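# Breakdown of the fold
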Amino acid sequence: MSIFKDGILDGKVAFVTGGGSGICKGITRAFMAHGANAAIVGRNAERLGAAAAELERETGRECLAAPADVRNPKLVEAALDATIERFGTIDIVVNGAAGNFLCPAATLSYNGFKTVMDIDAIGTWNVTRAAFERRLRDHGGVVLNISATLHYSATPLQAHASAAKAAIDSLTRSLALEWGSLGIRVNGIAPGPIEGTEGMERLAPPNHKDKLA
Ligand code: COA
Ligand code: NAP
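Bear in mind the structure is a predicted one, so any value in this text is a computation, not a measurement. (Residues numbered from 1 in each chain as written. Chains lettered and ligands numbered in written order. Predicted model: local features only at pLDDT ≥ 70, side-chain atom pairs only at ≥ 80, totals over all residues. Heavy atoms only, no water.)

What follows is about helix 3 (residues 73–87). Taking 1.5 Å per residue as the helical rise, helix 3 with its 15 residues ought to reach 21 Å, and the 21 Å between its terminal C-alpha atoms agrees with that figure. Buried within helix 3 we find Val76, Ala79, Leu80, Thr83 and Phe87. Down the axis of helix 3, the sector holding all buried residues measures 95 degrees, keeping them to one side. What points out from helix 3, more than 90 degrees from its buried face, is the exposed set Lys74 and Glu85. Residues of helix 3 that are buried make contact with strand 1 (13–17), strand 2 (37–41), strand 3 (63–65) and helix 4 (110–139). Following helix 3 by one or two positions, Gly88 has its phi on the positive side, about 90 degrees. (Helix = DSSP H or I, 4+ residues; strand = E, 2+ residues; numbered from the N terminus. Expected span 1.5 Å × (residues − 1). Buried < 20%, exposed > 50% of the residue type's maximum accessible area, 1.4 Å probe, protein only. Arc of directions from axis to C-beta. Contact = heavy atoms within 4.5 Å.)

In this section: the sheet that holds strand 3. Taking strand neighbours across the sheet as the criterion, the six strands line up as 3-2-1-4-5-6 in an open arrangement whose pairing is parallel. Of all the strands in the sheet, just strand 3 and strand 6 (184–189) have a single pairing partner and so form its edges. Here the strands of the sheet are splayed against their neighbours by 15 degrees on average, with no regard to which way each runs. Sheet analysis places strand 2 next to strand 3, joined by three bridges and oriented parallel. Paired with Ala39 across the strands is Leu64, a residue of strand 3. Sheet strands in contact with helix 4 are strand 1, strand 4 (92–95), strand 5 (141–146) and strand 6, and its direction is about 175 degrees off that of strand 4. Across the sheet, helix 5 (residues 159–179) is in contact with strand 5 and strand 6; its angle to strand 6 comes to roughly 160 degrees. (Pairing = 2+ DSSP bridges. Axes fitted to C-alpha atoms, helices over the stretch in contact; angles between N-to-C directions.)

So, about the pattern of salt bridges. Per the counting criterion, the structure on display carries 15 salt bridges. Glu77 is the salt-bridge partner of Lys74, the closest N and O atoms lying 3.6 Å from each other. Separated by three residues within a single helix, Lys74 and Glu77 lie in helix 3, roughly one turn from each other. In this structure, Arg129 and Glu133 form a salt bridge, with 2.7 Å as the shortest nitrogen-oxygen distance. Pair noted here: Arg129 and Glu133 are both in helix 4, with a separation of four residues, about one helical turn. Within the structure, one salt-bridge network assembled from shared partners comprises Lys25, Arg29, Glu54 and Glu58. (Salt bridge = Lys/Arg side-chain N within 4 Å of Asp/Glu carboxyl O.)

Now for the packing of helix 4 against helix 5. Relative orientation of the contacting elements helix 4 and helix 5 amounts to 20 degrees, with a least axis distance of 7 Å. If you check the angle between helix 4 and helix 5, you find them roughly parallel. Viewed along their axes, helix 4 and helix 5 form a crossing whose handedness is right-handed. Here Phe113, Val116, Met117, Asp120, Ala121, Thr124, Trp125, Thr128 and Phe132 of helix 4 come into contact with helix 5, specifically with Ala159, His160, Ala161, Ala163, Ala164, Lys165, Ala167, Ile168, Leu171, Leu175 and Trp179. Taken together, the residues that form the contact of helix 4 with helix 5 break down as 15 nonpolar, three polar and two charged. (Parallel < 35°, antiparallel > 145°, perpendicular 65-115°, else oblique. Left-handed = near helix turned anticlockwise from the far one by under 90°. Nonpolar A, V, L, I, M, F, W, Y, C, P; charged D, E, K, R; others polar.)

By themselves, these figures tell us nothing about what the structure is for.
Here is the structure:
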């Protein structure tokens, strides 16, 4: 049961990072159930292939597994090119790829902080910039950045992810302003805690309050 008109995304193509699991797999499923074809991106090619096959079975639409690490612009470009080669276009880009773990700022390493910034914030930029160049600048489209609410006030053990999601929100506003006149709609979604996801398993384990001590 959907509140949207049947086939509202017929003919559209979505490129979804993090689409092989969790929230972004759910987003991809919803897009495909409403008519879109999709490409899903992640590092684990095996899990991605299984997810693509499952989504195709469930929705009757086509799903390309396009493995890439969003930290690597060349791999991102190759995944976008493979998507355009397969489907002819990209109309919707979802930046959902993310990495996170609980860690006190007092013990977080240089590389721990950088890794989360690289995946979440720089990864979002890499994908969006390359999609702009290939398709969005001349054809318009939609960019949907998946953020969080961690940084609205302050969340313990989450200095790294809070900084990364704040950067994503800032990028969402800047690009919406700069690219709106080109017919590119840039929006953000900040989910609350979603049960049954990797994010929740990592961030709300039964003993997480012990780490604050
Ligand atoms: N606590 C503290 N530091 C951690 C950590 C943890 N639980 N997990 C990783 N790190 C640190 C590592 O020690 C390393 O820093 P160092 O070189 O100073 O030791 C740095 O982060 C990079 O770790 P590495 O395992 O090499 O990174 P990766 O690129 O292979 O994986 C992660 C990225 C760490 C974010 C990994 O958890 C991941 O792939 N996550 C994806 C799924 C996910 O997080 N889903 C939830 C989304 S909300
Ligand atoms: P998830 O299933 O772990 O999703 C993260 C996805 O990102 C995975 O498919 C992972 O695939 C991919 N990914 C990670 N690093 C990558 C990289 N370097 N390159 C390419 N892909 C990469 O987690 P989730 O909980 O559903 O979270 C999805 C999104 O919602 C994230 O942006 C998260 O911050 C946000 N969010 C979640 C919650 C929640 O309650 N779960 C709350 C607020 C916000 P690979 O491992 O195969 O690369």
